[in-house]
Structures are given as C-alpha cells and as structure tokens.
Amino acid sequence: MSAQGDCDFLVKRARELVTEDPWAAKAWLITARTLYPTDFSIQYEMYIIERNAERTASAGRLLYDIFINFPDQPVVWREITVITAALRNDSQDKHAQFLKGVFETLPGAVQCQMLLKATEQCFNTLEKAEMLLLLLKRFPESVVQHGVSLGESLLEAENVEDLDTPVNCFRKLFVCDVLPLIINNMEMRLPASLLHKYMHKAAEFYIGYVTRGPSADAQLQTSPEVTGLKSPGMGRGQRYVIDGLSEKSSVVTEPWERLLEIVSVVGARCEWQGEKGSRTYSELLQRVKELCRYLPGLEGETLSRCCSQIVTCSTLVLFRSAHFYISTVQPSLFQGHSALGLAPWVLLEDLSGVFSDIEVERSSGKHAHKKRKLADGREKTMSSDDEDALGKGRGRHIQVNKTEMPGWAETLEHFRTARESWDLLHSHDALESEFNKICVTWKTESWLWFRIFLTDMIIYQGQYRKALSSLVQMSALQPQQNQNSLAAASNLETHRALIQQASCHYALGEHRLACEKVLEVVSGLVPQNQEPTKPSEEQGRVRNKARKGNDLRLIPCTSKDVLPFCLQLMLACFKLRAFSDSSRDDLALGHVIVLLQHDWPQGEVLFLKAVDKICDHGSFQYENFFNYVTNIDMLEEFAYLRTTEGGRVQLELLPNQGMLIKHHTVTRGITKGVKEDFRLAMERQVSRCGENLLSVLHRFCINEKIILIQSLP
C-alpha cells in the first residue's frame, strides 16, 4: 500500500470511530500524524473533529498549524472565510461565537496575516473592504499602511458604480467605519486638502441620510436601540436598507452628532482658529461669526484656511437647522418620520389685522402700492422695490398656534439659525464662492426640502418676486418627490405652493393674481363644520392696537386652517377697493360684506363702515346678497336701512330687481311688489341663519369665481 493510501485509510478509520468512540478516533489520527507529519488530510481531519465538538482551544491550535503549514489549500481558505464572515457579521449565534473564539486563540501576528491573505482572496469590492476594515479595527497600527488606500478604494468604487445618491454602501462604510480610524490616528500626517475632502464626503453622506425621502425604500419599524435619540434624523423610524448592506448595517444612530465629532477632529488637525473641540453646532456658528470679522485683513494661505473653516461650519449649521425646521413644517418629506401623514405647515402673510382700520391703496405710475403702519403712527407707502429694506432692515415676527405646534420655539429658533448661517455665507465673495461649489457638488438644487426652506427664508426677507421664482423651482421638484405619494399628500403640496403664491402676490399689491391663486386653492378644499368662534387673546390684541402689518404666520395646510386664510386674503384684496374714496364700487363692497361674515363679530366695525358708506350714497346694489349673506346682525341692519328711521336707502339686493322697479314703478317711486319681494326674501334668509357659514362662503368662492376675479384690477 502507498503512503497516500495509508493516510486515506487512517483518516477513513478515524471518521468511522468518531461517533462511537471519539477518543479512539483521535488516537488513530495522532498516530497517523506521527507517521505522516506533512500530510494535509490528516491534520485537517483532526481540526474538523475538534471544530465539530466545539473545543475552542484545540481547534485553534490545529487551525494555526494547517494555516502555517498548508496556506495554499483551498479548503483551508473556505474555512477561514467562514470564520471571517462570523467576525464581520457580529452575530450572536452560538456557532458563530465559537468560530470567533477559535480565531481569538490564534497569535496576533497570525490573525493579522490571516486577515490580510483573506482580503487578497476577495474579489468583491465591498467584501474586500469589510475584511480589511476588520483588520484595521483589530490592529490599529495597520491603519497607517492600509487606511487611506482603503478609503480611496471605497470612494473610487462609488464613482465606478456611478451611484445617484451619497447614501450608498461604499460611502457608508467609508464615513462610518474607515474615516474615524484615519482621522483619529495621530501617527498619520495627512494634508489638509485630503482631510477637507473626506470631511465633506462625510457631511454629504450624513445630510443625505437624515433627509432621505420616504419613497426611496420600504418603511420599516423603528428598532428599540434607535429610539430616544435627539435629532429629527434619528429615532423616528429612520430605518431603511441601503443597497449592499444588511438592515442592521444600514442604521446610523446620531448622525448629526457623528458629523460634529468628525468636524471637531478635522478642525483640530487642520489647526482651525479657536478650534478646541466643539460640543454643539451653535458653538460652531458663534466661532465662525467671530472669525468673519477678521476676514478683510487676511490674505493668502491664511485667508484660504479661514474661509474653509467658516464655509464648512456655516454650511453644516445651515443644513442642520434647515432640516430641523422642515422636519416640523413638512415632516412627510423624510424617511420613516413619526409625523408622516400630518399636514405640512405654510408660511404666509399674517392677515389677522384685516378687520382693523381701512388702509386705502393709492395708485402710482408703476403699480399698486400697499401701506404699512410705522411705529409712530405715520404711514409709509411700500412697493416691491422696497422689499430688501423690509426684510433686512428689521426682523419680522412669525405667529404660530402654540397648541398645534408643541415645539414651536425650537422650530422658529432653527429657522432663525439657518437664516443667520445663510447670511454669513453670503457676507463675503470668497465665502459665497466656496459655498456655491459645495452646493454644486452636492446637487442641492435637487433637494426639495431645502428649496422649501429657501422659499420661506426669502418670504421672511420680504423678497416676494424672488419667492415666486423659488416657488416655480419648487414645483419642478415636486413630481419626482411625490411620484409614489398618496394623492392627498400631493394635493396638500399643491395647495401649499398655491397659497404661498397668493400670499406673495398680495404682498406685492397684485390683488387679482392673489385672488386667482386663492380661488384655485379653495376649489380643492372641503369646508369643515362651523364651530362657534371665540376671539382669541391674540385676536383681541389685534383689535386693540395697530399692527406693524409685516408679520408672518405659520399655519397647518388643512382645509380647517387654509380656508379661513383664503377668506381673509380675499377680504384684504377687496377691502381696499370697496372703501376707496376716489370711486364707488358696490360689487366690491358686496363681496366685502359677504366675506365679513367669517369670524364674526371680528369684522363688525368694518361692516358698520360699509353701512355708513351705503348710507352716504343713499343706495346699494348687490344681487348676490340673498344667496350668501346669512348673518342675522347683517340682515337686521339691511332691513333697518329700508325703513324711514334707517334713511330709506334704496337697496337692490334681489336678482333683476332693477328691471322690476322700472317695470312696476308707481307714483311713490317704488313698487309694493318689490317691497313685498324684499320682505319675503328677508324672512327666507333669516331661516337660513343656521346654515354652515363655511359651506356658504365656500360656495360663494366656487360659484362667483369669475366675477370675483374680474372685480379686481
């Protein structure tokens, strides 16, 4: 019998005995190894027996022997692959734990050599990177040799794959695992340009992660370990699968905090001014604000380094604060947000002062102007040319229902911080240029959530022309973001943009365009049941003191909140025309009276002014009166106007009443028939006083849409 035959016989005999008498099987193999010390099959069989029996120490010794003596055997690499897979997967499975224990028994040098050779056996880029990462984590000294090359290979793989999002398996591995090892290894001397490149790659990933849209992947339930975190981007169901990674590996906890750590480390290594390890983003912003004061006196490399610090810090604060703001204003835009399904909020002109004293528009050669009260009671005429002065000359107060938005203070503070960061980035040509480069690289023009923030910021600044252009850009982004959304959500989005357009047109004095947009919104709304209204504390203040007239309001984009705003805006548009001293417009005045019914008795003072105006003229014609006026106080007032005590005002409130008067005129000047028709119509109208007023006003907007628009210049 040949030597190989003897070896095969001994191995076979051991296999037969292993189940009945494992000690006898071991004895056969020890004898075989003594006789044939260089035979692989004998030593491998010894290892298999120990591995199957899960004897960690002896299996480790035998694995070490076959790895050293037979490094080229394919079956050895298959076994090592199984072990390294257990190491990478961090599984709690009992067998996986045993395999990890076997690996731990090996000497450090052998572990390192085994991982390096295992890496060489990998042909898949991601698998190879994970293997090398395992090496770097276990042997930090190897980071100097392999860290940067691993990072570059991951970034190169991302470019080769031509992925359309920074939230991919290669970038995630680089940012979350490789980069911290590189930047925290003080033995590595890396150029500042490379550190900045890596930091920006990390920022792009984390921002892309927290702002990822819900349509990108299937929604998953939040895992217990991810809950209770601080940022909107964490702990709110922000859990999805990144292509190429497992569900667990796709989760990134505390993304904003991780990014802040990277910025702090890189800033210290790049010797940023005053960088001592930032603890908060507000500290970052405060530091660069102070640094901005020295910019004019800097030049050369110092200016470049200073600009880089200011732009990087301000950009991150801007996007973080803008994300916090939009996660409240438009929560459905983000992946797995807990508020998914809630209506978006919309920033509009505050029209709660629409019932206050009448401010008559004066016409000018260029376009209509609107008036705003100054603090001392004087009036200044504002045109769209004064927009910059409005926004930058003084702050604007944003009204919000604190009950409906519990975190209103934090939300408005983030809005303020984001605006402050934006202004800082545009305070110097060099800063603006660097910021624009980042925006181009990150393709921020395709970020719908950021466009919404920019639009709100521009509205806050009072730059309404720019805001209208921004809203057009927003609508271009809408379809790709909402293609998989529910129709209801899409309608809310449409309403949100239209109502903001209407608000901007009104602020510019373009009342006809404002009315067109408002009526388009109203046509898609469903009026709610009318609830008894009590003047709020805030409304009381509005009635008791003059407002500046340039405040803003955040309201939920729901029928309940949007319809009242639409009615207020239409009232504001028609009020100026109805009460003009230079001309008489009964149609506009009639529209105003219909609209004043909402929020009654808020508009009582204005209604009485309308009555005074009617009395002054001695007549009033509005044939839609009995179709839409159901307010009992108003009906009583108009009934009184017909009496002798009320001035015997000539009222033409019935359809075709003018023709009837001509047809039936008697010597006293008015027909008994028309008088009787008026009395009966008034009695019918009183019986309608219990109708849902919002339904009546909604019907008014729908049925009289063409007349309403044509009534405005």
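Residues numbered from 1 in each chain as written. Predicted model: local features only at pLDDT ≥ 70, side-chain atom pairs only at ≥ 80, totals over all residues. Heavy atoms only, no water.

## Quick look at the state of the cysteines
Right, so step 1: The full count for this structure, using the stated rule, is zero disulfides.
Right, so step 2: Looking at the unpaired Cys-292, the closest cysteine sulfur is the one in Cys-306, lying at 7.3 Å. (Disulfide = S-S within 2.5 Å.)

## Some thoughts on the sheet that holds strand S1 (residues 345-349)
Right, so step 1: If you trace the three strands from one edge of the open sheet to the other, you get S1-S5-S4, paired in mixed fashion. The two strands at the open ends of the sheet, each matched to only one other strand, are S1 and strand S4 (398-400). Sheet twist, expressed as the mean angle between neighbouring strand axes with direction ignored, is 30°.
Right, so step 2: With three bridges connecting them, S4 and strand S5 (residues 552-556) associate as parallel partners. Bridge pairing in S5 places Ile-398 opposite Leu-552.
Right, so step 3: Sheet strands in contact with helix H16 (residues 408-425) are S1, S4 and S5, and its direction is about 155° off that of S4. (Pairing = 2+ DSSP bridges. Helix = DSSP H or I, 4+ residues; strand = E, 2+ residues; numbered from the N terminus. Axes fitted to C-alpha atoms, helices over the stretch in contact; angles between N-to-C directions. Contact = heavy atoms within 4.5 Å.)

## Section: the nonpolar core
General note: in soluble globular proteins, nonpolar side chains tend to be found buried as a group.
Right, so step 1: Counting 142 residues, the largest nonpolar core has Tyr-47, Leu-318, Phe-319, Trp-449, Phe-450, Phe-453 and Leu-554 as its most contacted members.
Right, so step 2: For this core, the element with the most residues is helix H14 (residues 300-329), which contributes 14 residues.
Right, so step 3: Excluding its chain neighbours within four sequence positions, the residues that come into contact with Phe-453 are Leu-318, Ala-322, Tyr-325, Ile-326, Phe-415, Ala-418 and Arg-419. (Core = buried A, V, L, I, M, F, W, Y, C linked by side-chain atoms within 4.5 Å. Buried < 20%, exposed > 50% of the residue type's maximum accessible area, 1.4 Å probe, protein only.)

## Quick look at the side chain of Asn-624
Right, so step 1: Relative to the helices and strands, Asn-624 is located in the loop between strand S6 (619-621) and helix H26 (625-628).
Right, so step 2: The exposure class of Asn-624 is buried, given its relative accessible area of 14%.
Right, so step 3: Only 3.2 Å separates the side chain of Asn-624 from the side chain of Glu-704, close enough to count as a polar contact. (Polar contact = N/O pair within 3.5 Å; in protein donor to acceptor, adjacent residues only side chain to side chain.)

## Focus on the packing of helix H8 (residues 125-138) against helix H10 (residues 169-183)
Right, so step 1: Close contact between H8 and H10 brings their axes to 11 Å; oriented N to C, the two are set at 15°. One way to sum up the angle between H8 and H10 is to call them roughly parallel. Classified by chirality, the crossing of H10 by H8 is left-handed. Contacts between H8 and H10 involve Thr-125, Leu-126, Ala-129, Glu-130, Leu-133, Leu-136 and Lys-137 from the first element and Cys-169, Phe-170, Leu-173, Asp-177, Val-178 and Leu-181 from the second.
Right, so step 2: Of the residues that constitute the contact of H8 with H10, the class distribution is nine nonpolar, one polar and three charged. (Parallel < 35°, antiparallel > 145°, perpendicular 65-115°, else oblique. Left-handed = near helix turned anticlockwise from the far one by under 90°. Nonpolar A, V, L, I, M, F, W, Y, C, P; charged D, E, K, R; others polar.)

## Describing unusual backbone geometry
Right, so step 1: The peptide bond linking Trp-600 to Pro-601 adopts the cis configuration, its omega dihedral lying at 15°.
Right, so step 2: Note on placement: Pro-601 falls in the loop between helix H24 (586-595) and helix H25 (604-617).
Right, so step 3: Even without a glycine there, the phi angle at Glu-271 is positive, about 60°.
Right, so step 4: Along the chain, the position of Glu-271 falls in the loop between helix H12 (255-269) and helix H13 (281-292).
Right, so step 5: Its identity as a non-glycine residue notwithstanding, Lys-443 has a phi of 55°, on the positive side.

## Details of the pairing of S5
Right, so step 1: Counting buried positions along S5 yields five of five residues, so the element is predominantly enclosed.
Right, so step 2: Alternating positions in S5 separate into two faces, Leu-552, Leu-554 and Pro-556 on one and Arg-553 and Ile-555 on the other, with burial throughout.
Right, so step 3: Summarising the sheet, S1 and S5 pair through five bridges and their orientation is antiparallel. Looking across to S5, one finds that Leu-348 is bridged to Arg-553.

## A closer look at the packing of aromatic side chains
Right, so step 1: A complete count under the given rule lists 28 aromatic pairs for this structure.
Right, so step 2: On the basis of an interplanar angle of 20° and a centroid distance of 4.4 Å, the ring pair of Tyr-325 and Phe-415 is categorised as stacked. Of this pair, Tyr-325 sits in helix H14 while Phe-415 is found in helix H16, placing the two residues 90 residues apart along the sequence. One exposure class covers both Tyr-325 and Phe-415, and it is buried.
Right, so step 3: Measuring from ring centre to ring centre gives 6.2 Å for Phe-607 and Phe-638, while their planes differ by 45°; the resulting arrangement is tilted. A residue pair is termed long-range when its members are at least 10 positions apart, and Phe-607 in helix H25 and Phe-638 in helix H27 (residues 632-641) qualify at 31 residues.
Right, so step 4: The class for Phe-607 is buried, based on a relative accessible area of 2%.
Right, so step 5: With relative accessibility at 0%, the residue Phe-638 sits in the buried group.
Right, so step 6: Pairwise contacts between aromatic rings join Phe-319, Tyr-325, Phe-334, Phe-415, Trp-422, Phe-435, Trp-442, Trp-447, Trp-449, Phe-450, Phe-453 and Tyr-460 into one cluster. (Phe/Tyr/Trp six-rings, centres within 6.5 Å; stacked < 30°, edge-to-face > 60°.)

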